[in-house]
Amino acid sequence: MKGMLKGLGVTLSTFMRKPVTIEYPDEKHLLPVRERSFPVLTWDFDHDEPFCTGCNVCVRNCPVDCMSAVMHDNPKYTEGTSNRRKIVEKFWIDYGRCMRCNICVEVCPFEAITMDNNWTGHEHSSYDRRDLHMDIDELTRSSRLGILTTPFRPQDNIELLEKQAKGEELPEVSFKAARPDARKAQIERVARGEAPAIQEREPEKPKAGARAGGAGAAAAGEDVEILSESKIRAKRMRAEREAKAFTDRGEPVPAEIQAAVEKYRNMKPGQPATAGGAAGGGGTGVLLTGTKEDGSMRFPPGVGDGPKGDPNSAEKVRARRMRAERKFNELTAAGEPIPEDVAKTLYDLGSDLAPGGTIWATLAGSGGGGGAAAEPLTGTKADGSMRFPPGVGDGPKGDPNSAEKVRARRMRAERKFNELTAAGEPIPEDVAKTLYDLGSDLAPGGSIWASLAGASGGGGGAAPAAAGAAADDGRMVFPPGIGIGPKGDPNSFEKVRARRMRAEKRAKEAQDRGESIPDDVMATLRELGSPMAGG
C-alpha cells in the first residue's frame, strides 16, 4: 500500500507539472545561436546580386561532393554597378548528401555561403530525395526575402567569444551586406526612386579596333573594328549573354546590344563590319542560339525529332553535333582551317560555333535579333525554376498550396506521366488533371499556358491547335478526325496516342529482329498517321 501511494504521488506531481512540449509547427522553440543546418547562398542587397562569384572554392573543398557551380561574366560589371567581374550563373547543392560540416562556409573568400541556423534551414522534409536538389533560386531565397536574420559562421562566433573573454575590441559584424538591415535600406532606395544598385564607377566604353583604310570610314571619321575569328566569336558571345541577362529579368533588350549581336554575327575575320551589320529594329524577344535557357541543346526545325534509334533522333543528332564542336575547338586551338564537312555539320545542327554565321541568324532573316516577338509561356522560367499558374504555389510554408508542396505534386505527376508514356499506357485522368492544373508542359491535350495565352490575347504561347495536337510543341499530330473525341472516348487524344505508341513499339521490335512489320500493325500506323508508316 505504501508503494502504491508513493507511485500515485509521483504521478500526481508529474500531472501538475507545467508541460515542456509545444504544438509544432504552430509553435517552435527558439534555436540556439550555434545551431547549424544546411548551407545557403547570401544576397548582396547593395548590388542586387549574389555574393557568390562561382569561383568553385567550396566545390573543390566539399568532402562529399554535394555542390556544383557555374561561373560567367557579370553584365553589371561593364555597366559600372558592380565590382564583381565574374558572377555565379548556376549553383546546386544536394541536401541529401550534405553532412553540414561547415567547410564550405570557412573556405569561402566572399562571405557568399553561410549556415542557415533558422527553422527555414531545417524544414526540408520530402517524399523524394530528388526534391532535395536545391538550385540557385532556392539557395538564395531565404536571404533575398530577409528570412536569414543571422547568417552564421562558427569561426566568427569563436573569435567573438575569445575577444569578449580577453576584454578586447569586438570584431566587425560579418555578412553585413547580406542582413535584413541591408535589404531594408535597398527597399528604401527603390521607394525614393533610386536604382537598386550602387554605381561603382563609370560604365565601360567599348574598345576601338583598328582603323579601316577605306575612304568611307575616313570620311565618316569613325573607328572600324577589324578582328580575328576568335575575337569576333568572343565579342558575339558576350553580347548574347548581355542580351540574355535583360531577357531573364523580363526587360527589353537595349537597341545597342541587339546591334552588337547582329554586328558580330555578320562580321568576317580580317574585314571591317558592314553597314548592314547593325540590328534592324527587330523584336526584343529571346535571342535564338543553339542552347536553350535550361542548358539543353536547341535544334533547327525538323532536326532531332525522329524516333528513338533513328539517325534523326535527338540523341544521335546531339552526339554528332558534340563531335563536330570538339573537332572545331581542336582545330581552332591548333590554328588550322575548319573542313567544309565540319562547318556544314555545325551549321545544319544549329551549333553556335558554325563558321560564317549560325543557322539561327539565317532563320531570323532580316527581322533582327534572331528572336521571336515574345517568348511563349511554359511551365519553366528562364532560370530553370518551375512556373505555376496564377494563384497556384503562393501559399505559406506548410500549406498544401505552398510552392514546395505544389512543386512536389507536379514532379510526382510528371514522373508518373513519363513512366506510363514509356510503357505505352494511357494517362489516367487524375494525373492529366494534376499536370494541367499545376502548369506542367507535359499535360495531355495541351498545357494551361496555351489556354491562358488564348484567353489573354497574347504574351504567351498560341492557343491549342485543332485535333488536340500542335506541330511545334513536340506532341503527336494525327490525321483529320483522329484523336478529337472527348476524354475517355476511344477516339480521344490520349487513347489514340496510346494505340499509336503501342503499334510503333511493335513495329520497332519487328524491325530490330529483321522481320517485316505485321499487316495489322502497319494498318494501325497508317490510320493514325505514324511517320513509321512510310507515307
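Here the residue numbers are simple positions, counted from 1 along each chain's written sequence. Residues qualify for local features only when their pLDDT is at least 70, as the model is predicted, and side-chain atom pairs are given and counted only at 80 or more; totals for whole chains, interfaces and linings, by contrast, use all residues. Only hydrogens and water are set aside; all other atoms, that is, all heavy atoms of the structure, feed into the side-chain values.

A.B. asks: How should I be thinking about the environment of Asp48 in this particular structure?
C.D. replies: Looking at where Asp48 falls in the secondary structure, it is placed in the loop between strand S2 (43–44) and strand S3 (49–50). Here Asp48 falls in the partly exposed class, since its relative accessible area comes to 28%. Along the backbone, Asp48 and Gln186 are 138 residues apart, and their C-alpha atoms lie at a distance of 8.5 Å. Throughout, a residue-residue contact means that at least one pair of heavy atoms, one from each residue, lies within 4.5 Å. Those residues within four positions of Asp48 in sequence are excluded, and the remaining contacts are Trp43, Lys76, Gln186 and Pro196. In this text, helices come from DSSP runs of H or I with a minimum length of four residues, and strands from runs of E with a minimum of two, each type numbered from the N-terminal end. Think of it in three bands: with a 1.4 Å probe and only protein chains considered, a residue is buried below 20% of the maximum accessible area for its type, exposed above 50%, and partly exposed in between.

A.B. asks: Help me understand a nonpolar patch on the surface, please; the structure alone is not making it clear to me.
C.D. replies: Patch membership requires more than 30% relative accessible area and the absence of a salt bridge. Residues of like charge join within 9 Å; the nonpolar side chains Val, Leu, Ile, Met, Phe, Trp and Tyr join within 5 Å. In short, Shrake-Rupley with a 1.4 Å probe defines the accessible areas, and a residue's cover is counted only from the protein chains shown. Within this document, salt bridges are pairs made up of a side-chain nitrogen of Lys or Arg and a carboxyl oxygen of Asp or Glu, the two lying within 4 Å of each other. On the surface, a nonpolar cluster with roughly 500 Å² of combined accessible area is contributed by Met1, Met4, Leu5 and Leu8. The topology assignment puts Met1 in the segment before helix H1 (2–15).

A.B. asks: Quick question: what am I supposed to make of the nonpolar core here?
C.D. replies: The tendency in soluble globular proteins is for nonpolar side chains to be buried side by side. Throughout this description, the term nonpolar core refers to a set of buried Ala, Val, Leu, Ile, Met, Phe, Trp, Tyr and Cys residues connected via side-chain atoms within 4.5 Å. Among the nonpolar cores identified, the biggest contains 29 residues, and Met67, Phe91, Ile93, Tyr95, Ile113 and Leu139 are the most heavily contacted of them. For this core, the secondary-structure elements that each account for two or more residues are strand S1 (39–41), helix H2 (57–61), strand S4 (67–73), strand S5 (86–94), helix H4 (103–107), strand S6 (113–115) and helix H5 (136–144). Among the elements that make up this core, the one with the highest residue count is S5 (three residues). With residues near it in sequence (within four places) discarded, Met67 still touches Pro39, Cys58, Val59, Phe91, Trp92, Ile93, Cys104 and Ile113. Of all hydrophobic cores here, the second largest spans eight residues; its members include Ala413, Leu420, Ile427 and Val431.

A.B. asks: In this structure, what is going on with the packing of helix H9 (residues 229–248) against helix H10 (residues 255–266)? I would like to understand it.
C.D. replies: A packed helix pair is summarised by two numbers, namely the angle formed by the two axes and the spacing between the axes. Only the stretch in contact is used when a helix axis is fitted, and all axes are lines through C-alpha atoms; the angle between N-to-C directions ranges over 0 to 180 degrees. Running from amino to carboxyl end, H9 crosses H10 at an angle of 150°, the nearest separation of the two axes being 9 Å. By the angle class used here, H9 and H10 are roughly antiparallel. In this structure, H9 crosses over H10, and the sense of that crossing is left-handed. From H9, Ile232, Lys235, Arg236, Ala239, Glu240, Glu242, Ala243 and Phe246 reach across to H10, where they touch Ile257, Ala260, Val261, Tyr264 and Arg265. Residues were grouped as follows: Ala, Val, Leu, Ile, Met, Phe, Trp, Tyr, Cys and Pro as nonpolar; Asp, Glu, Lys and Arg as charged; and all remaining residues, including Gly, as polar. Split by residue class, the contact of H9 with H10 holds eight nonpolar, no polar and five charged. Convention used here: angles under 35 degrees read as roughly parallel, angles over 145 as roughly antiparallel, angles from 65 to 115 as roughly perpendicular, and any remaining angle as oblique. Should the near helix be turned anticlockwise from the far one by less than a right angle, the crossing is left-handed, and should it be turned clockwise, the crossing is right-handed.

A.B. asks: When you look at the pairing of S5 in this model, what are you seeing that I'm missing?
C.D. replies: Taken residue by residue, a regular strand's side chains alternate between the two faces of the sheet. The sheet contact formed by S4 and S5 spans seven bridges and is antiparallel. Across the sheet, Met71 pairs through a bridge with Val88, a residue of S5. In this scheme, strands are said to pair when DSSP sees at least two bridges between them. In this structure, S5 lies alongside strand S7 (residues 133–134), joined through two bridges in antiparallel fashion. Residue Ile93 lies in a different strand from S7, and its bridge partner there is Met134.

A.B. asks: I would appreciate a short explanation of helix H15 (residues 429–437) in the present structure.
C.D. replies: Every α-helix carries 3.6 residues per turn, so stepping three or four residues along brings you back to the same face. By the burial criterion, the buried members of H15 are Val431, Ala432 and Leu435. In an axial view of H15, the angular spread of the buried residues amounts to 100°, which keeps them on one side of the axis. Away from its buried face, by an angle of more than 90 degrees, H15 presents the exposed residues Glu429, Asp430 and Lys433. Two residues or fewer after H15 comes Gly439, characterised by a positive phi angle close to 85°. This arc is taken over the directions from the axis of the helix to the C-beta atoms.

A.B. asks: Which parts of the structure should I look at to understand the confidence of the model for the protein?
C.D. replies: If pLDDT is low for a region, its predicted coordinates should not be looked at in detail. Per-residue confidence for the protein averages 79 on the pLDDT scale, and 84% of its residues sit at or above 70. A score from 0 to 100, pLDDT tells how confident the predictor is in each residue. H2 holds the highest mean pLDDT among the elements of the protein, 95, whereas helix H8 (residues 215–220) holds the lowest, 40. This model gives residues 208–222 a pLDDT under 50, and the stretch forms 16 contacts once residues within four places in sequence are excluded. Scored below 50 in pLDDT, residues 455–474 makes 29 contacts in the model with residues more than four places away or belonging to other chains.

A.B. asks: So what exactly am I meant to see when it comes to the sheet that holds S4 here?
C.D. replies: Backbone-to-backbone hydrogen bonds join strands into a sheet, with any given pair of strands oriented parallel or antiparallel. Read from one edge of the open sheet, three strands run S4-S5-S7, paired in antiparallel fashion. This sheet does not close on itself; its edge strands, each paired only once, are S4 and S7. Its contacts with the sheet put H5 on S5 and S7, and the angle it makes with S5 is roughly 100°.

A.B. asks: Even after reading the chapter, I still don't get unusual backbone geometry, so can you show me in this structure?
C.D. replies: For residues that are not glycine, phi is negative in most cases, and the peptide bond is trans in most cases. That bond from Tyr24 to Pro25 is cis: its omega, 10°, falls within 30 degrees of zero. Mapped onto the elements of the fold, Pro25 is located in the loop between H1 and S1. Here the phi dihedral of Asn56 falls at roughly 70°; this positive angle occurs in a residue that is not glycine. Relative to the helices and strands, Asn56 is located in the loop between S3 and H2. Residue Asn56 is classed as partly exposed on the basis of its relative accessible area of 22%. Backbone geometry places Glu111, a non-glycine residue, at a positive phi of 55°. Secondary-structure assignment places Glu111 in the loop between H4 and S6.

A.B. asks: What is the right way to read a positive patch on the surface from this model?
C.D. replies: A residue counts as positive if it is Lys or Arg and as negative if it is Asp or Glu; His and the chain ends are not included. Charged groups are reduced to one reference atom each: NZ for lysine, CZ for arginine, CG for aspartic acid, CD for glutamic acid. Taken together, the side chains of Lys316, Arg320, Arg323 and Arg326 present a region of like positive charge at the surface. The exposure class assigned to Arg320 is partly exposed, which follows from its relative accessible area of 32%.

A.B. asks: Would you take a moment to explain the packing of helix H17 (residues 493–512) against helix H18 (residues 519–527) for this structure?
C.D. replies: Packing of H17 against H18 leaves a shortest axis separation of 9 Å and a crossing angle of 135°. Between H17 and H18, the interaxial angle falls into the category oblique. Crossing handedness for the pair H17 and H18: left-handed. Contacts from Arg499, Arg500, Ala503, Glu504, Arg506 and Ala507 of H17 reach H18 at Asp520, Val521, Thr524 and Leu525. Residue composition of the contact of H17 with H18, by class: four nonpolar, one polar and five charged.

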